[in-house]
Amino acid sequence: MPSSKRRISYYYDSDVGTSYYAPNHPMKPHRLSMTHSLVLSYRLHESLEVFRPRKSSASELTQFHAEDYVNFLSKITPNTQHEHLQQMQKFNLGEDCPIFDGLFDFCKIYTGGSIDGAVRINHGISDIAINWSGGLHHAKKSEASGFCYINDIVLATLELLKYHARVVYIDIDIHHGDGVEEAFYLTDRVMTVSFHKFGDLFFPGTGDIGDIGLNDGKYYSVNVPLHDGMDDHNFVDIFNTTMQKVMEMYQPGAIILQCGADSLAADRLGCFNLTLEGHASCVAFMKSFNVPLLVLGGGGYIKSNVARCWANETATLLGKILDENIPEHEFYYEYYSDASYKLKVQQKSPIENLNSRTYLQDIKRCVLENLSQLRIAPSVQMQEIPPEAYLPELDELELIVEEKVSGIGNKSSENPIEFYDKERY
Ligand code: V1D
Ligand code: CA
Ligand code: ZN
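As a starting point, this report considers the structure included with it. Within each chain, residues carry numbers counting from 1 in the order of the written sequence. Written order determines the labels here, with chains lettered from A and ligands numbered from 1. At least 70 in pLDDT is required for a residue's local features to be given in this predicted model, at least 80 for side-chain atom pairs to be given and counted, and no such filter applies to totals for whole chains, interfaces and linings, which use all residues. Side-chain numbers come from the whole structure's heavy atoms, not from hydrogens or water.

So, on to the sheet that holds strand E1 (residues 8-11). At least two bridges found by DSSP between two strands are what make those strands a pair. The secondary structure listing takes helices from DSSP runs of H or I that are at least 4 residues long and strands from runs of E that are at least 2 residues long, numbered from the N terminus. If you walk across this open sheet you meet the eight strands as E2-E1-E3-E8-E7-E4-E5-E6, and the pairing is parallel. Here the strands that pair on one side only, and so sit at the sheet edges, are strand E2 (49-51) and strand E6 (221-226). Direction aside, the axes of adjacent strands within the sheet are offset by 15° on average. Direction of pairing for strand E5 (residues 190-197) relative to E6: parallel, over a ladder of six bridges. What sits directly across from threonine 192, in E6, is serine 221. Residues count as neighbours in contact if any of their non-hydrogen atoms are within 4.5 Å of one another. Only the stretch in contact is used when fitting a helix axis, every axis being a line fitted to C-alpha atoms; angles between N-to-C directions are given from 0 to 180 degrees. Packing against the sheet, helix H7 (residues 152-161) makes contact with strand E4 (167-171), E5, strand E7 (254-258) and strand E8 (293-296), and its axis sits at approximately 170° to E7.

Printed below as a string of structure tokens:
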């Protein structure tokens, strides 16, 4: 199918962008507003179906998470947290995962976007769904971890499994996708593939090459542990080689791609040397298989680079190439002067590449050997389809979109980026 004909849904709610973790915390949800603004300024929304996601309900969240954990998240506030120190510790809430105003709504919105995307894919209404506010891959059943509270990826995967026998999850965030791997470690219905920095006590410390899954899940977890300084050439080579083999052997019905932008050069927490092009070429490669695709965000700690990365990848999914000159928009002067208002990510002093040729050859050989142990496209006895998470009526969807359109930033309608052609939604 020509790329321009693919139906792409895109989820955004301005309320996630105003969430604020804590002073000096590296996770800045404002990067999501910046991404959306850049998407609008490049006029990409004209080729997308833009939706404000529904807030997922507590009962949807407990399809994966423990009830006491979800209940605690729903009730705790910055003012009451000091009265519940034992539970704060039990659920790993604190420095990495602080309690902030509007936390539970934040979780319900980013998760709603990922589940809504999965539902549209299941119904064949979208070929590709994008939710840059999702991709929080570290959250566990009863525990927050690494800036993640609710694992929207696990919940979206469970939704896709209602209609698809096999789902592939791919993670190009610089951190290991441990929460998703753990959730599906014992099953052959989901293959998880994470590319990440491993060693030197880098967070979260899991994702060794030998971690391949257990019982029915043996060989269905794939880990590609890498060292500092990965460059485009080596990353794209190991990514494409691994994913080509995964797609051949596993033949999934749907793909989830987590596009954490902390694998880009110059990231505050990362240590790779990827450019925007290298990162986006992984997205282009997965799109080329023409399998329904749910695309999510993740980490990324230089706000302007995250926005550049995800706006550029939105364009990649649309089959478009963005102008190198960033268009003027609300964040233009404050955030993009660092690189002369260009799209390119600047890296003044690249990190030394510590991945030797022999190291990469050995990793690739080991990953390919494990993948060749797989039975081709294992089948499952599909049972009766479980109830829908939520499927809005089409006119309800339009209402959601209209609400969103009139609510963008509450700015004056003279701003040209607000002139939406309603017919296109
Ligand atoms: F630097 C900080 C300042 C304030 C609060 C937290 C941090 C921080 C930086 N790096 N926290 C980390 C990592 N945590 C630790 C802890 C030390 N403890 C023993 C653990 O090293 C967590 C990094 C999380 C990365 C999240 C992610 O990018 O993968 C992501 N994915 O989806 C959303 C975010
Ligand atoms: Ca990863
Ligand atoms: Zn990360």
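Burial classes follow relative accessibility: with a 1.4 Å probe on protein chains only, a residue under 20% of its type's maximum area counts as buried, one over 50% as exposed, and anything between as partly exposed. The buried count for E6 comes to six of six residues, which makes it a mostly enclosed element. Alternating positions in E6 separate into two faces, Ser221, Asn223 and Pro225 on one and Val222, Val224 and Leu226 on the other, with burial throughout.

Let's shift gears to the pattern of salt bridges. Whenever Lys or Arg places a side-chain nitrogen within 4 Å of a carboxyl oxygen from Asp or Glu, that contact is recorded as a salt bridge. Scanning all chains against the criterion turns up 19 salt bridges. Among the ionic pairs, aspartate 13 bridges to arginine 52, the shortest N-O distance being 3.2 Å. Here aspartate 13 is found in the loop between E1 and helix H1 (14-17), whereas its partner arginine 52 is found in the loop between E2 and helix H3 (58-61), with 39 residues between them in sequence. Ionic pairing is found between lysine 197 and aspartate 228, a salt bridge with its closest N-O pair at 2.5 Å. Of this pair, lysine 197 sits in strand E5 while aspartate 228 sits in the loop between E6 and helix H9 (232-250); the two residues are 31 residues apart in sequence, bridging distant segments of the chain. Aspartate 228 gets classed as buried once you look at its relative accessible area, which sits at 17%.

Glancing now at helix H4 (residues 67-75). Buried within H4 we find Tyr69, Val70, Phe72 and Leu73. The buried residues of H4 occupy an angular sector of 160° when projected down its axis, which confines them to one face. Counted as exposed and oriented over 90 degrees from the buried face of H4: Glu67 and Lys75. Each element contacted by the buried residues of H4 is listed here: H3, helix H5 (85-90) and helix H6 (103-122). Each C-beta atom gives one direction from the helix axis, and the arc is the one those directions make.

Turning our eyes to something else, we now look at unusual backbone geometry. Along the chain, phenylalanine 203 connects to proline 204 via a cis peptide bond; the corresponding omega equals -5°. Within the secondary structure layout, proline 204 lies in the loop between E5 and E6. Backbone geometry at asparagine 24 places phi at a positive 65°, although glycine is not the residue there. Mapped onto the fold, asparagine 24 is located in the loop between H1 and helix H2 (30-41).

Once that is clear, we can look at the coordination of the calcium ion (ligand 2). Metal sites are built from N, O and S donor atoms within 2.8 Å, or 3.2 Å for Na, K and Ca, and they leave out water, so they may look incomplete. Binding of the calcium ion (ligand 2) to the protein goes through Asp171 (O), Asp171 (OD), Asp173 (O), His175 (O), Ser194 (OG) and Phe195 (O), at separations of 2.4 to 3.0 Å. Irregular is the default label, applied whenever a site is not tetrahedral (four donors, all angles between 85 and 135 degrees) and neither square planar nor octahedral (four or six donors, opposite donors over 155 degrees apart, all other angles between 65 and 115). Here the calcium ion (ligand 2) is ringed by six donor atoms whose angles at the metal span 71 to 166°, and the overall shape comes out irregular. Each donor residue of the calcium ion (ligand 2) lies on the same chain, and together they follow the pattern D-x1-D-x1-H-x18-S-F. Of this pair, histidine 175 sits in the loop between E4 and helix H8 (178-183) while phenylalanine 195 sits in strand E5, and the two are 20 residues apart along the sequence. A relative accessible area of 0% means that phenylalanine 195 is categorised as buried.

To continue, consider the site of ligand 1. Working definition: residue near molecule or strand if any one of its non-hydrogen atoms lies within 4 Å of it. Near ligand 1 you find 21 residues, and of these Asp96, His137, His138, Asp262 and Tyr301 are the closest. Pairs of N or O atoms within 3.5 Å make up the polar contacts considered here, provided that, within protein, one atom can donate a hydrogen while the other can accept it, and that residues adjacent in sequence are counted only when both atoms are side-chain atoms. At 3.3 Å, a side-chain N or O of aspartate 173 approaches an oxygen atom of ligand 1. With respect to ligand 1, the side chain of histidine 175 contributes an N or O atom lying 3.0 Å from an oxygen atom. Per-residue and other accessible areas were derived by the Shrake-Rupley procedure at a 1.4 Å probe size, with only the shown protein chains allowed to occlude residues. Notes on ligand 1: free accessible area 740 Å², of which the protein chains cover 68%. Here the residues of the shell around ligand 1 are counted per class, giving eight nonpolar, nine polar and four charged. Ten residue types, Ala, Val, Leu, Ile, Met, Phe, Trp, Tyr, Cys and Pro, are classed as nonpolar, four, Asp, Glu, Lys and Arg, as charged, and the remainder, Gly among them, as polar.

Turning next to the environment of valine 224. In this fold, valine 224 is placed in strand E6. Between the alpha carbons of valine 224 and phenylalanine 195 there is a distance of 4.7 Å; along the sequence they are 29 residues apart. If we skip the residues at most four places from it in the chain, valine 224 touches Ser194, Phe195, His196, Ile238, Ile363 and Val367.

Moving on: the coordination of the zinc ion (ligand 3). Every protein donor of the zinc ion (ligand 3) is listed here as Asp173 (OD), His175 (ND1) and Asp262 (OD), and their distances to the metal cover 2.0 Å. Mapping the donors of the zinc ion (ligand 3) onto the primary sequence gives the spacing D-x1-H-x86-D. Residue histidine 175 is found in the loop between E4 and H8, and its partner aspartate 262 is found in the loop between E7 and helix H10 (276-287); the two are separated by 87 residues along the sequence.

The next subject is the packing of aromatic side chains. Between 30 and 60 degrees the pair is tilted, below 30 it is stacked and above 60 it is edge-to-face, where a pair is any two Phe, Tyr or Trp rings, Trp via its six-membered ring, whose centres lie within 6.5 Å. In the structure shown here, the tally under the stated rule is 20 aromatic pairs. Between tyrosine 21 and phenylalanine 106, the aromatic rings sit 5.9 Å apart at their centres with planes inclined by 85°, giving edge-to-face as the arrangement. One end of the pair, tyrosine 21, is in the loop between H1 and H2; the other, phenylalanine 106, is in helix H6, and 85 residues separate them in sequence. You can call tyrosine 21 buried: its relative accessible area is 4%. Look at tyrosine 333 and tyrosine 341: their rings are 6.1 Å apart centre to centre, the planes differ by 70°, and that puts the pair in the edge-to-face class. With a relative accessible area of 54%, tyrosine 333 lands in the exposed category. Under the relative-accessibility criterion, tyrosine 341 is labelled partly exposed at 24%. Ring pairs connect the aromatic residues Tyr21, Phe100, Phe106, Tyr110 and Tyr149, which therefore count as one cluster. We count a charge as sitting over a ring when the NZ of a lysine or the CZ of an arginine lies within 6 Å of the ring centre and within 35 degrees of the ring normal. The ring centre of tyrosine 250 lies 6.0 Å from the NZ or CZ of arginine 166, which sits over that ring.

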